[in-house]
Amino acid sequence: MLLEWSFAIFSGLTLGMAAFLVAAGLTLVFGILKILNFAHGTFFMLGAYVTYSILGTESASMAAFLLATLAAGVVVGGAGWATDLVIFRRLRDSDYHYTLIATFALLLLITGLVKIIWGLDFRLVRPPEVLETTWFIGGIFIPAYSVFVIAAGIVVFLILDFGLQRSWIGKTVQSVARDPWMAEVLGINNRVVMTAAVVVSFMLAGIAGGLLLPNQSLSPALGDVFLLLAFTAVIIGGLGNVRGAFIASILLGLIESVSTVLLPDLPGISIFVALIVFILVRPQGIFSGAQ
Amino acid sequence: MARLSRRRMLQGTGALAAASAVGLPMSRSYAQEQTIKIGFLGPLSGGMEVMGRPLLTGAEIAVNQINKAGGVNGMKLELVPRDDKGTGKDAVTGARDLFASGVNLLCGNISTASVLGVSPLLSEANATLISCSAVADSLTHEDFTPNYFRICENAYTKYRAQARLFAERHPDMTNWTGVVTDAANGRSIWTAFEHGLREFYPALANKEVSITDPVVTKVGASDFKQQIVRLMSSPAQCFLNTTNGADAILFFSQAASLGLDSKFPLVTDAGSGWGVPLALKDKIPQSILTGVFWYYEAYDHLEMGRELYKDYVDATGKEFPDDFVELSHAAVYAYANAIKATGNTDTQQIVKAMEGMKFQTAKGEREFRKEDHQCIGDVTFLTLDRADNERGWKVGEFIRVNGRDSMEPPSPGKAIDFSKI
C-alpha cells in the first residue's frame, strides 16, 4: 500500500509538471494581455509536430532532442509573433469576446493546417535512450523520463519566476500589465512588450510540445489531452499568475493521481470536483491577480 | 466596447470561412441528377476523426462501385456526409440536418454515444440507421428502436467469442484482469468478456477462472503508468485491454517502458485498427490477440473483398485498410440490396426488406436478424507478434469464428440477463 501511495505521489508530480509546462504560456499571456487563448493547446500540438519533423520517430541523442525542442519553441514563437501582428494587436482595444472568437478560429485553422501537412495517422516518438531507462528504487518504478519532466517543469518555473520577479525585463512587463497608460507615459514601448509576451507564451507552448512529445501519442487531437488540465490549473492558480499555476498544477496532478488509488472506478472525475470546490471556496484562485 | 466596423466584420468572416474550409467537413454533392441519397454520420473532426475518415472512405467506395455498375434500379446513389464528432449531441444535430434535407437512409456511427443520440429520433423522422462499429449490447436490447440496424457484431458476440478462444487455446491461463475504459463500450466489452471467461473455462478447459477487478481508465488520459503498475502487481496471467486509438498507443508504449512484457507475454485487445500497431512498431506487446472487424488478406478470395482493397489503396495510397472501411461499405450495400428489393426508398418498406435480409459483403455473407436487427456474420481476430523487421511486428494468425454460434438470443427492449448465462 505504501508503495502504491509513493508511486501515486511521484506520478502526480509528473502529471502536475506536465500540466504546468502547458499552463505556463497560457497564464503568462492572460496575465499580461488578458487574452484567454483557446488555441494554446493547438500550438502545443504544433510544437510536438515540429519536434517530430526534426527528430523522426526513433531515439535521438539528448542534445538533439533538446535542440529540436528549442527549435519547436522558436517556430511556434514565430507563429505567436504572426498571431499578434494579425489578430491580437488588432483586437487589443476590442471587447474580450472578439478575442475569444478569434482564438477559436485560430484553433480550427491551425488544426486544419496540421491535418493537411502531417495527416491524421498516429505517431509515437521515442525519447532519447538515456530517458528510456526505468529505475526500480525502494520497490517503486521511477521512469527516467518522468524525472526529466519534473525537472523541466521546475526549471521553466524558476526561469519564469525569476524573469518576472527579479529582472528589469520582468518588472517592465509587470508594469505594462498593471497600468499600460502609466507605463507608456514613462517611456515604455507597450506594443513591443506585449508582442514579446505573446511570443514567449507561444514559445512556451512549443517547448512544452517538444518536451512532452515522447510521452504521448502524436495526433492532431494531442492538444486536447492537456488543455483542460492546463486551463483548470490556470483558473485554480489565479488567472495570469505563474506561481499560482505552478502550485495548482502540482495540486491537480496529485489530486488526479491520488484519486486513482482512492477511487479507482471513477477515473478523471476528481479534477472536476477540485475545480468546483476551488471555484466555490476561492473563486479568485490561490493567488489572485496577475503576477 | 470598441465599434465593430464593416471591414473588421468582413475580415472575421473571411477568417472563419478559411478555417471552415481547412478544418471542417463540408457536405458534398456527388451528382446533379436525381439520386438516392444516403446520409453518412461519423466523426469527421475531433479525436475520433482518425477512425471516421476510413469509415467515410468505405461508404464512398461502395457508392462509387454501385454507381459504376449502373446504380440501383437505374438510379445513382449520392452520399451526404455529416460530422457527428463521435458524440451524441453532434450526432443529433447532424441527423436532424439530414432529415431536414430529405435524407431518410442513414449509416455510419462509430460510437455508442452517437447511436444513443440518434436512435430515438428515427421513428418520428421516419428514417433508418445502420450503425457501423458501435458495439454496446444495449443498442439491440434495452435501447432497441425498430428503425435501427447494426452491421457489426455486438460486444456480447465478439468478446465472448474472444474469451472462448482463450479457453480453447490457453486452458492454463486461468488468472485474468482487464484495462477498461470508463465508457459505455468499455464496460460492455468487459462484461461480455468476463462472462465468457466464466462460462468457457469450466466448460471447455474444465478449470475455474479467477478474475481480478479490472483497472478502470478515463478516455483521453495523458498517463497510464499508475494503471500499468496496478496490473503488474495483480495476480493475473493475462488481461484484456479496451483502450483504443491514441490511448492504446500511449498505454502500450508506457507499458513497454515499464516492463509489462515480462509479466504478460500474451495479452488481448478489443481492437482499434491498424493505426495502433503501425505507430507502436516494436513497442507492441510480444504477442497480442486482437479483435478486427475485417482483415483484407483473409477475404481476398472474395471478389468484393479484392475490389474493396484495390479501391481503398487507389483512393488513399495506404497499404493497410482500417477495418472500419468494410463496415460502412457493407452498410451502403445493405441499403442498395434493400432498395433493389423494394423498388423504392420508403422507410417502412426498407426496414421490412432488411429484416432477415441476407446480402453479400467484402467479408462474405451477412444477415440482419429479424427480431433485433443485429447483423450475423463472421467474427474475426488476428494475432500480432513482435518481429525483427522494419515494421516491428508481423501478422501471426487470422482466426474466424461463426458469429451465429456466439450470439445471444434476441430480446429487443430487454437487457441481456447475464445472470442466466
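Since this is a predicted model, take the numbers as computed values, not measurements. (Residues numbered from 1 in each chain as written. Chains lettered and ligands numbered in written order. Predicted model: local features only at pLDDT ≥ 70, side-chain atom pairs only at ≥ 80, totals over all residues.)

### Some thoughts on the overall build of chain A
Going by this rule: By definition, any uninterrupted DSSP run of H or I lasting at least four residues is a helix, any uninterrupted run of E lasting at least two residues is a strand, and each is numbered from the N terminus. With C-alpha atoms as the basis for the radius of gyration, the globule rule is written as 2.2 Å multiplied by the number of residues raised to the power 0.38. Our exposure labels follow a C-beta count within 10 Å of each residue's own C-beta, placed from the backbone: buried means 20 or more other C-beta atoms, exposed means 12 or fewer, and partly exposed covers the counts in between. Each residue is represented by a C-beta atom placed from its backbone, and any two residues with such atoms within 7 Å are regarded as in contact.
Scanning chain A from N- to C-terminus turns up eleven helices and four strands. Relative to the globule expectation of 19 Å for 291 residues, the C-alpha radius of gyration of chain A, 19 Å, shows essentially globular dimensions. The buried share of chain A, taken over its 291 residues, is 55%. In chain A, 79% of the contacts between residues at least 6 apart in sequence involve partners at least 24 apart.

### Some remarks on the overall build of chain B
Check the secondary structure of chain B and you find 15 helices and 16 strands. Relative to the compact-globule value of 22 Å for 421 residues, chain B shows a C-alpha radius of gyration of 22 Å, a close match. Each principal axis of the C-alpha distribution contributes one length, and for chain B these read about 65 × 60 × 40 Å. Split into buried and exposed, the 421 residues of chain B put 55% on the buried side. Taking contacts inside chain B between residues at least 6 apart in sequence as the whole, the part at least 24 apart equals 71%.

### Details of the pairing of strand β1 (residues 35-42) of chain B
Residues and elements named next belong to chain B. For clarity, the threshold we go by: A crossover gets the label right-handed when its path from the first strand over the helix to the second runs clockwise, viewed with the strands pointing away from the viewer. The criterion for strand pairing is that DSSP finds at least two bridges linking the strands in question.
Burial runs high along β1: six of the eight residues are buried. As for the winding sense of the linkage, the β-α-β connection from β1 through helix α2 (residues 49-68) to strand β2 (residues 76-83) is right-handed. Both β1 and strand β3 (residues 105-108) contribute to a ladder of three bridges, which runs parallel. Paired with Phe 40 across the bridge in β3 is Cys 107.

### Side note on unusual backbone geometry
Residue Lys 34 of chain A is not a glycine yet carries a positive backbone phi of 60°. In this fold, Lys 34 of chain A is placed in the loop between α1 (2-33) and α2 (40-55). Note on Lys 34 of chain A: 14 C-beta atoms within 10 Å, which makes it partly exposed. Located in the positive-phi region is Asn 206 of chain B, a residue other than glycine, with phi close to 60°. As for its placement among the helices and strands, Asn 206 of chain B is situated in the loop between α7 (184-205) and β7 (210-211).

### Examining the UniProt feature "transmembrane region" (unreviewed entry) in chain A
The test is simple: UniProt positions are given in the numbering used here, feature names are shortened, and annotations may be inferred rather than shown by experiment.
According to UniProt, the positions carrying the feature "transmembrane region" (unreviewed entry) are residues 6-28, 35-55, 61-88, 100-120, 140-160, 192-213, 225-254 and 261-281 of chain A. From the first C-alpha to the last, residues 6-28 of chain A spans 32 Å; its make-up is 100% helix and 0% strand.

### Description of the sheet that holds β3 of chain B
Residues and elements named next belong to chain B. Threshold: Throughout, an axis means a line fitted to C-alpha atoms (over the contacting stretch in the case of helices), and angles, computed between N-to-C directions, take values from 0 to 180 degrees.
Read from one edge of the open sheet, five strands run β2-β1-β3-β4-β5, paired in parallel fashion. With partners counted over all chains shown, the strands left at the sheet margins are β2 and β5 (148-150), one partner each. Taken over all neighbouring pairs, the strand axes of this sheet differ in orientation by 25° on average, direction set aside. Relative to strand β4 (residues 128-131), β3 is paired through four bridges, and the arrangement is parallel. Bridge pairing links Leu 106 to Leu 129 in β4. Contacts between helix α13 (residues 324-342) and the sheet are confined to β1, β2, β3 and β4, with β3 contributing the most and set at about 160° to the helix.

### Remarks on the domain arrangement of chain B
Residues and elements named next belong to chain B. Keep this limit in mind: Throughout the structure description, domain borders are defined by an automatic or database domain assignment. Nonpolar residues are Ala, Val, Leu, Ile, Met, Phe, Trp, Tyr, Cys and Pro. Charged residues are Asp, Glu, Lys and Arg, and all others, Gly as well, are polar.
In terms of domains, chain B is made up of domain 1 (34-152 + 298-376) and domain 2 (156-292 + 378-420). Using only C-alpha atoms to locate each centre, domain 1 and domain 2 end up separated by 27 Å. Contacts between the two partners involve 25 residues from domain 1, matched on the other side by 28 residues from domain 2. Looking at the side of domain 1 that touches domain 2, the elements that each hand over two or more residues are α2 and α4 (112-118). In the side of domain 1 that touches domain 2, the residues fall into ten nonpolar, seven polar and eight charged.

### Side note on the sheet that holds strand β14 (residues 375-376) of chain B
All names here are of chain B. Sheet architecture is open: three strands sit in the order β12-β13-β14, paired in antiparallel fashion. Edge positions in the open sheet fall to β12 (358-361) and β14, since each of these has one partner strand only. As paired elements, β12 and strand β13 (residues 364-368) share four bridges and run antiparallel to each other. Of the residues in β13, the one forming a bridge with Gln 360 is Glu 365.

### Notes on the environment of Arg 243 of chain A
All names here are of chain A. By the secondary structure assignment, Arg 243 is in helix α10 (residues 242-262). For Arg 243, a count of 18 C-beta atoms within 10 Å puts it in the partly exposed group. Considered as a pair, Arg 243 and Thr 27 are 216 residues apart in the sequence and their alpha carbons are 9.7 Å apart.

### Some remarks on the pairing of β4 of chain B
All names here are of chain B. Residues Thr 128 and Ile 130 line one face of β4 and the alternating positions Leu 129 and Ser 131 line the opposite face, and both faces are buried. Sheet topology note: the β4/β5 ladder contains three bridges and is parallel. Bridging from a neighbouring strand, Ser 131 pairs with Arg 150 of β5.

### As for the packing of helix α3 (residues 62-91) of chain A against helix α4 (residues 96-118) of chain A
All names here are of chain A. What counts is decided by this rule: Oblique is the label for any angle not covered by the other classes, which are roughly parallel (under 35 degrees), roughly antiparallel (over 145) and roughly perpendicular (65 to 115). With the far helix as reference, a near helix turned anticlockwise by less than a right angle produces a left-handed crossing, and one turned clockwise produces a right-handed crossing.
Running from N to C, α3 and α4 point in directions that differ by 160°, and their axes come no closer than 9 Å. One finds that α3 runs roughly antiparallel with respect to α4. Both α3 and α4 take part in a crossing whose hand is right-handed. Note on element contacts: α4 touches α3 through Tyr 98, Thr 99, Ala 102 and Leu 106, opposite Thr 83, Ile 87 and Leu 91. Tallied by class, residues from the contact of α3 with α4 come to five nonpolar, two polar and no charged.

### Regarding the interface of chain A and chain B
Contacts between the two partners involve 37 residues from chain A, matched on the other side by 35 residues from chain B. At the level of secondary structure, the elements contributing two or more residues to the side of chain A that touches chain B comprise α1, α4, β1 (123-124), β3 (140-143), α9 (222-237) and α10 of chain A. Here the side of chain A that touches chain B takes seven residues from α4 of chain A, the largest share from any one element. Partitioning the side of chain A that touches chain B into residue classes produces 19 nonpolar, eleven polar and seven charged.

### Overview of the environment of Arg 92 of chain A
All names here are of chain A. Tracing the backbone through its elements, the reader meets Arg 92 in the loop between α3 and α4. Residue classification places Arg 92 among the partly exposed residues on the basis of 17 C-beta atoms within 10 Å. Spatially, the C-alpha atom of Arg 92 lies 18 Å from that of Leu 239, the residues being 147 residues apart in sequence.

### A short note on the nonpolar core
Selection criterion: Note on definitions: a nonpolar core is a set of buried residues drawn from Ala, Val, Leu, Ile, Met, Phe, Trp, Tyr and Cys, linked by C-beta atoms within 7 Å.
Of all hydrophobic cores here, the largest spans 229 residues; its most connected members are Ala 19, Leu 21, Ala 197, Ala 230 and Ala 233 of chain A. In terms of domain composition, this core takes at least three residues from each of domain 1 (34-152 + 298-376) and domain 2 (156-292 + 378-420) of chain B.

### Focus on the confidence of the model for chain B
Residue and element names in this part refer to chain B. What counts is decided by this rule: For every residue, the predictor assigns a confidence score, pLDDT, that lies between 0 and 100.
Per-chain confidence: chain B averages 90 in pLDDT, with 92% of residues scoring 70 or above. This model gives residues 1-6 a pLDDT under 50, and the stretch forms five contacts once residues within four places in sequence are excluded. Overall, residues 15-32 carries pLDDT values under 50, and its contacts beyond four positions in sequence, including any with other chains, amount to 30 contacts. Both scores are given for the predicted complex: the pTM is 0.86, the ipTM 0.90.

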